[in-house]
Amino acid sequence: MKNKKLLLESKLLKNSRLTQNLGLKIAALLFAALLWLVVVNVDDPVDSVSFRNIPVSVSNEEVVTNKGKVYQIVDGTNTVNVTVYATRSVLSKLTADDIVATADLSQMEVNTFLVPIQVSVRGFEGKNITAEATPKNLQVEIEDVTKNSFPISVSTSGVPRDGYVVGEVTANPERITVRGSESMIANINKVVAQVNVEGRSTDCELEAKLVYYDGNGNPMDASQLKSDIGDEGVTVKVQILPKKNVELHFNISGTPAAGYIYTDLSCEPQTIQICGTEDVLSEIDEIEIPEEVINIEGKDSKIEISVDITPYLPEGVRLVDESANNVIVTVGIEQEGSKTIELPVEAVRVDNLADKLKFAFDSVTEIQFQFAGIEEILEKLDIRNAAFIDLGKYTEAGTYEVSVNVEPIEGVSLLNKPVVKIILSEKKEENNGDKEE
């Protein structure tokens, strides 16, 4: 009996020790747990990082397309910003390529056409990681499908090799049929095949980048458009042509008013750049403008006109800069003056005398020349070394009357044709060689 009593007292004493200061013991336990969490988070705390402009991929498109409809993503919702929450050690390894944003059209709300965007992080499965997108929904519009056919124009970039320009460009195919939503098809203004011709000097066929432009000249997102060009895409045949600088030659017609003379003609620019095939360009040294284009009939002052030279380009030739087709032509017309100049007959130059003939003037006299033209030029006019006779057609001995010519002088004209009398005789030969007596 005594032993049972001692055993009971011992148990009571042990229980009283366990329950003694129970609140302090619970607080100590909680503090230890909190301290452990603090230590863990200080060592590798949870943080967040944001990624901008993550593209949203669309899945289960057949939900819309099987009904003969197409969807169009409303502007600005096809990319999202994503915030990822994870420990710093995990976040330090993340890149934007690891983020996947998906909109499942089968989850689209029928009334609002909003599609929830789900975000996942590839390569970090099993990690304590979460991600959320902003905005949270993809906004789409559902429309009927339509199609239209458009011509394909060509745009070139880059500069061919020096001395060459781009000639004709032809897209293959020349037209394209495009399918898509009614609003997108209606918004297409033109379809352009873009090619780069940098450094080219021969004809070539290049793969082109196809770009759709709206009515404001802005490129469109073609990801939701389908065409009939197939896998081969669009190619462009590019003609590369040599270029050449040539002068312009203007002829004039008509006679100025009485008492006035035509003095000169100038044009700006004086030369133009043309292009064409090698064989065509080799035959062209200048562009001839017919006389009916510049008519000075009855004019009594300087005239200035703009001439479109395009109609006068030879066949197979075009301007390098087709906007530079207008040339400004200035025609000088001045009041006429006159002047008489006397020149000793010995001062007349003799041209083209036959080797077998000797030459002499029949008499020594003065020759009178009458000139008309601009007063300022006439005052300074000097025809020494400019007056000459041409004996090219006189091949036999004899006495002849020959006209005296004067080399053209800008701003003046010769009113008379002086004549001189000359004697041509045969040269005599001596036994010791050809020698004149």
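Just so you know, these numbers come straight off a predicted model, no measurement behind them.

Cut-offs and rules
- Residues numbered from 1 in each chain as written.
- Predicted model: local features only at pLDDT ≥ 70, side-chain atom pairs only at ≥ 80, totals over all residues.
- Heavy atoms only, no water.
- Helix = DSSP H or I, 4+ residues; strand = E, 2+ residues; numbered from the N terminus.
- Buried < 20%, exposed > 50% of the residue type's maximum accessible area, 1.4 Å probe, protein only.
- Areas by Shrake-Rupley, 256 points an atom, 1.4 Å probe, with all protein chains shown as cover.
- Pairing = 2+ DSSP bridges.
- Contact = heavy atoms within 4.5 Å.
- Salt bridge = Lys/Arg side-chain N within 4 Å of Asp/Glu carboxyl O.
- Axes fitted to C-alpha atoms, helices over the stretch in contact; angles between N-to-C directions.
- pLDDT = per-residue confidence, 0-100.
- Patch = residues over 30% accessible without salt bridge, like charges linked within 9 Å, V, L, I, M, F, W, Y side chains within 5 Å.
- Lys, Arg positive; Asp, Glu negative; His and termini not counted.
- Charge placed at Lys NZ, Arg CZ, Asp CG, Glu CD.
- Phe/Tyr/Trp six-rings, centres within 6.5 Å; stacked < 30°, edge-to-face > 60°.

Novice: Can you break down the overall build of the chain residue by residue, with the values?
Specialist: Across its full length, the chain holds seven helices and 29 strands. A buried classification covers 30% of the 437 residues belonging to the chain. Accessible surface computed for the chain: about 27700 Å², of which carbon and sulfur atoms make up 48%.

Novice: Describe in detail the pairing of strand 4 (residues 99-104), supporting the description with residues and values.
Specialist: Bridge count between strand 1 (residues 46-59) and strand 4: four bridges; the pairing is parallel. Bridging across to strand 4, Val58 finds its partner in Ala103. Summarising the sheet, strand 4 and strand 5 (residues 114-121) pair through five bridges and their orientation is antiparallel. By the bridge assignment for strand 5, Thr102 is matched with Gln118.

Novice: Explain the sheet that holds strand 27 (residues 405-406) to me, using residue names and the numbers behind them.
Specialist: Reading across from one edge, 22-25-27 is the order of the three strands in this open sheet, with mixed pairing throughout. Looking at the sheet topology across the chains shown, the edges are occupied by strand 22 (349-351) and strand 27. Here strand 25 (residues 387-390) pairs with strand 27 via two bridges, running antiparallel. If you follow Phe388 over to strand 27, its bridge partner there is Asn405.

Novice: Hey, could you go over the side chain of Gln72 for me, with residue numbers and the actual values?
Specialist: Here Gln72 lies in strand 2 (residues 69-73). For Gln72, the residues in contact, after removing those within four places along its chain, are Gln139, Val140, Glu141, Glu143, Ser181, Ser183, Met184 and Gln224.

Novice: Explain the pattern of salt bridges residue by residue, including any values.
Specialist: Summed over all chains, the structure comprises eight salt bridges. A salt bridge links Arg318 to Glu322; the shortest N-O distance between them is 3.8 Å. Take Arg318: its relative accessible area is 24%, and that puts it in the partly exposed class. Residue Glu396 pairs with Lys356 through a salt bridge whose shortest N-O separation is 3.8 Å. Placement of Glu396 in the loop between strand 25 and strand 26 (398-403) and of Lys356 in the loop between strand 22 and strand 23 (357-361) is noted, with a sequence separation of 40 residues between them. A single salt-bridge network, built from bridges that share partners, covers Arg349, Asp351 and Glu407.

Novice: Break down the sheet that holds strand 18 (residues 303-308) for me, citing the residues and quoting the values.
Specialist: Read from one edge to the other, the open sheet built from three strands follows the order 15-20-18, with strand pairing classed as antiparallel. The outermost strands of the open sheet, each flanked by one partner alone, are strand 15 (260-268) and strand 18. Across this sheet, the average inter-strand angle for adjacent strands is 25°, counted without regard to direction.

Novice: Lay out the confidence of the model for the chain in plain terms, naming residues and giving numbers.
Specialist: Per-residue pLDDT for the chain has a mean of 86; in total, 88% of the residues score no lower than 70. The secondary-structure element of the chain with the lowest mean pLDDT is helix 1 (residues 2-19), recorded at 53, while strand 10 (residues 188-196) shows the highest, at 96. With pLDDT under 50 throughout, residues 432-437 is counted as low confidence; its partners more than four residues away or in other chains account for ten contacts.

Novice: Please provide a residue-by-residue account of a negative patch on the surface, values included.
Specialist: Judged by side-chain charge, Asp264, Glu334, Glu375, Glu376, Glu379 and Glu410 come together as a negatively charged surface patch. Take the negative patch: its biggest share by element is three residues, from helix 7 (residues 375-379). Take Glu410: it is sitting in the loop between strand 27 and strand 28 (412-414). Take Glu410: its relative accessible area is 57%, and that puts it in the exposed class.

Novice: Tell me about the packing of aromatic side chains, and please be specific about residues and values.
Specialist: Here the structure, examined in full by the defined rule, presents three aromatic pairs. Considering the side-chain rings of Phe359 and Phe361, the 4.9 Å spacing of their centres and the 80° angle between planes classify their relative orientation as edge-to-face. For Phe359, a relative accessible area of 24% corresponds to the partly exposed category. When the centroid spacing of 6.4 Å and the interplanar angle of 25° are considered together, the rings of Phe369 and Phe371 count as stacked. Note on accessibility: Phe369 and Phe371 belong to one class, buried.

Novice: Give a description of the pairing of strand 24 (residues 366-373) that names residues and reports values.
Specialist: Pairing analysis gives eight bridges linking strand 21 (residues 337-344) to strand 24, with the strands arranged antiparallel. Note that in strand 24 the partner of Leu343 across the bridge is Ile367. Two strands pair when backbone bridges link them, and strand 24 and strand 28 are joined in this way by three bridges, in the antiparallel orientation. Pairing of Ala372 across the sheet is with Ser413, part of strand 28.

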